[in-house]
Structures are given as structure tokens and as C-alpha cells.
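Listed below, chain by chain, are the residues.
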Amino acid sequence: MTTGKLSLSKNPNNYVGVIDIGSNSVRLVVFSGFHRVPEIIFNEKTLCGLGADVGTTGNMGKASMKLAMSTLKRFKALCHQMEVKEVYALATAALRDAKNGPAFKKKVEQECGLPIEIISGEAEGRLSALGVISGEPTATGIVGDLGGGSLELVRVAEGQVHEKISLPIGPLRLTAKHGRSTRILKKELRSIFSAIDWLQENGGNNLYLVGGAWRNISKLMMRERAAPLPILHGFETSQKEMSDYCRRISGVRPEDLPFGQMLSARRRDVLPMAALILKELISITKPKSVILSSYGLREGFLFDHLSKPKKKLDPFLYTCRELAEERCRFVEHADLLFDWTRPIFETHKVKNIKRQHRLHTAICLLADIAWRGHPDFRAERAVETILHGNFFGVSHADRSYIGVALNDVYGAPIDQQLIAKVLPLLTVGDMQEARMMGAAIRLAQRLSGGAKVALEASSLIVTKSKLILKISTAQRDIANEVVEKRLSNLAQLIGRKPLIQVGSVSLAHMEEYS
């Protein structure tokens, strides 16, 4: 996986619109273009319920089609006003399965001038899986995309799509068929899932959730347990915790859902059924973790159009580099900072060196992100950027790790309110390592003043008892009391005594520490 060094230039006139005509909602998302991490320019949905009657009558209802037609006309007009160059309309289970689907497609194309592609269930599953991979390139496990009329299941491993299947078991369709008889539904779901052998082989891998209903279940769960970081994408929980929560939700009336008032009535209505489906899916797949992805079919569609080199870019580091180029003064020094800090970690045992290097690269890119802020609030601004920014390919724990490091870069106390609330997401070892990285960059910034030459003329050396800052004789004047103080802070974190060495001579006034 490459780190995101291809050109990041964007042409604002290359907007791409994707209209997703689903069983429950019709949504338009306008993206900034076919980029590795496209920005969302506009996002709107209408709950039309096209699939509500398909399970009983075989047709989409007249009122639903009328609302969908009105919505599609609005979306077409908006795209015209926004000068969206390319608009793609993708229809899924409702139009795919309804007997009047072809007639509705033809009418929309005639009245809106909007070509519609009705995609197969397997194609829908593939695009949803590509969406998950786009946001998490190392995704390994089962992707489940629950819509109103269908459930797409796909096995993914290390960025590749494998087996896939589309099942007619969306909440709207099951409710129309069985009402809310959970006993019959459980029996049917278990029969369907147990017949898919590759689902049962998933044990130990993850389950990735896509779709509005499962997203809202996760949102309620996060709210109820006061999650430290209320970001939906990347929200991760254990198999047991999600299964227990779904068992409880599936037995509650929609109007009685905890914190359900934050959702519309139409969204609440499908959640008990969606929870039941998820509980049974967890039971058969036995995932290591259940992880929410806010990337799905639409993002997968864009990802599918990218070149191979762009697909290989790390989405998180891509966004970090993009932000650095927009907001930082010394983005070109990020790689130099990374190399300059390595000696501190050479003797530091770490389980996942690839993860460490990735997070440290991000910290180096974002280290100067808040320089325009008021001095009293720069740390808060930097931490807020990583904790609440629109990043993909990064877990909640990793966001917190970077937040701790940036907090130290700006010299803020570890009990600062914004960072303190996410500390429970980290191990003590990770927190300590992040602080070491932040303190090292804080030292490098003070030593160099942002100048490249000072970092090239200095280095860190770690011995069993000392942390030595070695400076070339020609650059001896850059070391003063301020530098000594920051070196001492870093040395304290790594359990060493600080020493400044100019050429081969140690500075006398540092001897008291050595």
C-alpha cells in the first residue's frame, strides 16, 4: 500500500453524481470527482419506500413511485444547477425485483432524461464490498449490506472480493411477508444462512456492516454507551456485545427504542427487524469484531473507476497529505521528521511495526496542522482535527493515538479535556509511545524552527542510560536553554538522561542530567 504521494490536485468542475435508488430510500451524493478519497459536495435522501409492497404484491406502490419520481426530478435539476458533469443512477432490489420495475425505469428515463442502470444482486454486493475496501484496504471477513429489500453478503480478504450472494431478506420485505413473528423469522434466517458454507468459515475474521438500518443501530448503541469517539465509520465492537445489543433491540417496539427519538419514525420502524437479521448473521459468521463502514455501494462505484495506482494509495495517508499541503507550513519536512525520530523507537519493542510507521507518518504530516490557531488553543485544534475529521482507513484507537501525539506536539497536558476522553481507547503502551513521538517532534520543531538544515545537521542517539542530541559544530548555536528543556522532556518520557553533544564535545551545562 503506497502512502498517497500521487498528485492531489482537484478540478472542482469534475463533480460526479451518484443516485442510489434503493428499496427504502432514494439518495443523491455529489462527489468531488473520481479521486482516491472523494469529498462529498452534496448529500440528500428521501425515504420513498419503493420496496415496501414488493414482498406482498410483487409491485412498487403508486404513492412510493410518485414520491420517487418527484425526488429524481429534483436531483436531476440540482445536478444541472451544480454543473455536475457525470450523473449515474443505480437501482437495486426494488426495481430489480418488482414486476413494474421496468415500466417505472422507462418512465423515469422519459420524464427525467436520467438513464437508470438496474444492477444485479451480485453486482450490488461487489460494489458495496469495494466501498468497504476503499475505506479499509486490509478488510478481511464478511461484508453485509442490508437494504430495505435485500441483503448482500460478500467475502473479502486483503483488498480482494471473493464469494458473493444476494438474498431477498431486507426488513421491508420480511415485514411484509411475516409481520413481526420473530419465531418464524429466526427459523427462516437460520436456514438461509446455514446453507452458505463460506459464511461459517469466517470465524476469527471481521464482519463489516453497510446500510442505513445497521448504521442507525450502531448510532443508537454508541449513544447508549456514551462512546468516547462518536464517529460512525470505523466503530468497532465485539461479537458478543453487538449480538446482545441486537437481541435486546429486536424485541423492542420501534417507538420504545432507547434514544430512538433521534431517528425518524420510518427509520425506527425497520430497526427491530434489522437487528434480528444482524443477530442471526453474527451467530453464523462468529466474527472477531463487528465494524461499521460508512462507505458502501456509491463509494465502491467510484473506487471501481480508479486506475490501479490510485487504488493502491493508502486512503488515510492520502487525506493526511492533502490536509498538510493545504494547511501546514513545512509539509515537505514530514519525511525528514519521520527519519529524524526513528532512533527513539529502534530499541522500543512494538508488536506491529507497519502500524507504527503508518501512524508516525501521519503525525509528521499533521504536526503543523494548527499553526494558524490562537496559541492557547492550537493543541485543541490539532486534536479536534484528527478525532473528528472525515478520515477513512483509520480506527478509533488509531485516531486517539495520533491525537495524543499531536497534543504533546503542542505541549498540552495529557488530561486536557478533548484528549482525556479518548484515552480509554488506548493501551498504556500505545499512549506512552504516542507521547514519545509527539515530544520528539516538539523538540525537532524547536531545534529547527522549521528549517531543513538544522534537522540534517543533528541526530538523536539512544544509549542504555542517555538520550543524546548530537549537533554538528557548524550548527552549535541552535542549541540553547529552550532546546535543552524539550530534550529533557523527551528524555523523561523514554527513561533516559538528556545530553547535548556538539561535535564530539558534551555541553557542560547538561552534565547535571547525565
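Below you will find a few notes about this structure. (Residues numbered from 1 in each chain as written. Predicted model: local features only at pLDDT ≥ 70, side-chain atom pairs only at ≥ 80, totals over all residues. Heavy atoms only, no water.)

**Observations regarding the pairing of strand β12 (residues 458-462)**
And step 1. Pairing analysis gives five bridges linking β12 to strand β13 (residues 466-471), with the strands arranged antiparallel. Within β13, the position partnered with Ser 459 by the bridge is Lys 470.
And step 2. In this antiparallel pair of consecutive strands, β12 and β13, the connection spans three residues. (Pairing = 2+ DSSP bridges. Helix = DSSP H or I, 4+ residues; strand = E, 2+ residues; numbered from the N terminus.)

**Considerations on the environment of Lys 452**
And step 1. Topologically, Lys 452 is positioned in helix α22 (residues 452-456).
And step 2. Linking Lys 452 and Phe 330, residues 122 residues apart in sequence, is a C-alpha distance of 9.0 Å.
And step 3. Non-local contacts of Lys 452, meaning those with residues more than four positions away in its chain, are made with His 333 and Leu 336. (Contact = heavy atoms within 4.5 Å.)

**Some points on helix α4 (residues 101-112)**
And step 1. Along its twelve residues, α4 runs 16 Å from first to last C-alpha, staying within 8% of the 16 Å computed at 1.5 Å per residue.
And step 2. Of all the residues in α4, the buried ones are Gly 101, Phe 104, Val 108 and Cys 112. When α4 is viewed along its axis, its buried side chains cluster within an angular range of 60° and face the same direction. For α4, the exposed residues lying more than 90 degrees away from the buried face are Pro 102, Ala 103, Lys 106 and Gln 110.
And step 3. Residues of α4 that are buried in the fold lie against α2 (62-81), α3 (93-97) and β5 (116-118).
And step 4. Among the residues trailing α4, Gly 113 stands out with phi positive, at a value near 65°. (Expected span 1.5 Å × (residues − 1). Buried < 20%, exposed > 50% of the residue type's maximum accessible area, 1.4 Å probe, protein only. Arc of directions from axis to C-beta.)

**Quick look at empty space enclosed by the protein**
And step 1. Counted under the stated rule, the structure contains two cavities of 30 Å³ or more.
And step 2. The computed volume of the largest cavity comes to approximately 450 Å³.
And step 3. Among the residues making up the lining of the largest cavity, the classes are represented as eight nonpolar, 13 polar and eight charged.
And step 4. By volume, the second largest cavity is sized at about 140 Å³.
And step 5. In terms of lining, the second largest cavity is formed by 15 residues, of which the most central are Phe 330, His 333, Leu 337, Asp 368 and Gln 445.
And step 6. Taken together, the elements giving at least two residues each to the lining of the second largest cavity come down to α16 (334-346), α17 (353-366) and α21 (428-448).
And step 7. Here the element with the most residues in the lining of the second largest cavity is α21; it accounts for three residues. (1 Å grid on protein atoms, 1.4 Å probe; cavity = no way out; pocket = protein on both sides within 12 Å on 5 of 7 lines; lining within 4 Å. Points joined across faces, edges and corners; volume = space filled by probe spheres on them. Nonpolar A, V, L, I, M, F, W, Y, C, P; charged D, E, K, R; others polar.)

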